[in-house]
Amino acid sequence: MDVLRGAAIAGMIVVNDPGTWSAVYPQLLHAEWNGWTYADTIFPLFLFVTGVSLSLSFASRRAKGDSTGLLMRHAARRSVLLVALGLALNLCAFLAFHESRWRFPGVLQRIGLCAFAAGAIFLLAGARGAAWSAAALLLGYRGLLGSGPLDPEGNLAARVDRAVFGTHTWRPGFDPEGLLSTLPAIATTLLGVLAAERLRSGAPRRRRVLELLAAGAAASVAGWAWGREFPINKTLWTSSYALLMSGLAAMALAICTALSDAATWKRVSAPLRWLGRNAIAAFTLSSVGTMALIAIRLRAPGGKARSLWIAIYRGVFDRFADPRLGSLLFALAYMALWTAVFGLLHRRRIFFKI
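Residues numbered from 1 in each chain as written. Predicted model: local features only at pLDDT ≥ 70, side-chain atom pairs only at ≥ 80, totals over all residues. Heavy atoms only, no water.

Student: Residues and numbers for helix α6 (residues 182-199), please.
Tutor: Taking 1.5 Å per residue as the helical rise, α6 with its 18 residues ought to reach 26 Å, and the 26 Å between its terminal C-alpha atoms agrees with that figure. Burial of α6 is extensive: 13 of the 18 residues sit out of reach of the surface. (Helix = DSSP H or I, 4+ residues; strand = E, 2+ residues; numbered from the N terminus. Expected span 1.5 Å × (residues − 1). Buried < 20%, exposed > 50% of the residue type's maximum accessible area, 1.4 Å probe, protein only.)

Set out below in structure tokens:
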């Protein structure tokens, strides 16, 4: 679980922090609208693993005697803190870059809402209720969006965001972490809960892993097939997209579980584990670091000011015929820097919990 969560954070840093947005490999860019790339697999992987974490955490705390009410209060508190942290990050960006609007939705806000909703459903209704709820959310969302257009401006999710948030969205008119599209994202988290429940069952480990692998493959195929009727779309978090990505995440979880006892795997995957054990802190601090490097202005040759970010990229990494390679190497170096920071924190047993 920590390895997958760390892989998601590493992917977020690389995708969010190229040396220059004018030169990025297509797979590191989100699909412009319908379709998907590697970049579109990262956030649903994190939400799926969040569901896995909920199942394991609740089981551990219940074994210690915690009541359902206590667990609900803990989940609510964590959700509020994540939403507040996300709003604070958006406010920092608004102030640092003198943006025209303060964005209200965001990645941490969606994580907080999905974790609370999925946790509450699982606590109150159990695994069976979680399965029915996930199906209802996916089918219900299909029904809601299917009654109207699916273009960027006219879809129901965008109209809801405009009505609720006004201009406080990522782009004028819609937000990829908007309100209505959080419903199928909750389903993604619930499917992670169900995957963990299966892995926690009393069946032999090999059988559990193979069943999860098969279920993931089936969900991926079903999501892909559904996408022919209801397009795969990350911005709208369409039901086909949620199912496809949950299937891929389930297969990744099955593979990591199968490899987890191998000594070589433990050594190779250690850097991802460092990030995964401090996932929210890694995302938050790397985002703040990005804002700081962009906000700091330096005098460039010729007297023109440029950001410290661009100065580092131009001075160190912009050395290749294909500028996309230098841009990617910058992102990888930035990710490696934060991996080293959290490796040091891991060595000192320092973990930030929300």
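Student: Which residues make up the confidence of the model for the protein, and what are the values?
Tutor: Taken as a whole, the protein shows an average pLDDT of 94; of its residues, 99% reach a score of 70 or greater. Strand β1 (residues 297-299) is the least confidently modelled element of the protein, averaging 83 in pLDDT, while helix α13 (residues 323-347) averages 97, the highest of any element. (pLDDT = per-residue confidence, 0-100.)

Student: Give me the lowdown on the pattern of salt bridges, citing residues and values where you can.
Tutor: When charged atoms on two side chains of opposite charge get close, those side chains can pair. For the structure on display, the rule yields 14 salt bridges. Of the charged contacts, one joins Glu177 and Arg103 as a salt bridge, the two residues approaching to 2.7 Å between their closest N and O atoms. Of this pair, Glu177 sits in the loop between α5 (156-165) and α6 while Arg103 sits in the loop between α3 (68-96) and α4 (107-146), and the two are 74 residues apart along the sequence. By relative accessible area, Glu177 is classed as buried at 8%. The partner of Arg207 in a salt bridge is Glu211, and the shortest N-O contact between them spans 3.0 Å. Taken together, the residues Arg207 and Glu211, both in helix α7 (residues 205-226) and four residues apart, mark about one turn of the helix. Owing to a relative accessible area of 28%, Glu211 belongs among the partly exposed residues under this scheme. A cluster of three or more residues bridged by salt bridges with shared partners is formed by Arg103, Asp175, Glu177 and Lys234. (Salt bridge = Lys/Arg side-chain N within 4 Å of Asp/Glu carboxyl O.)

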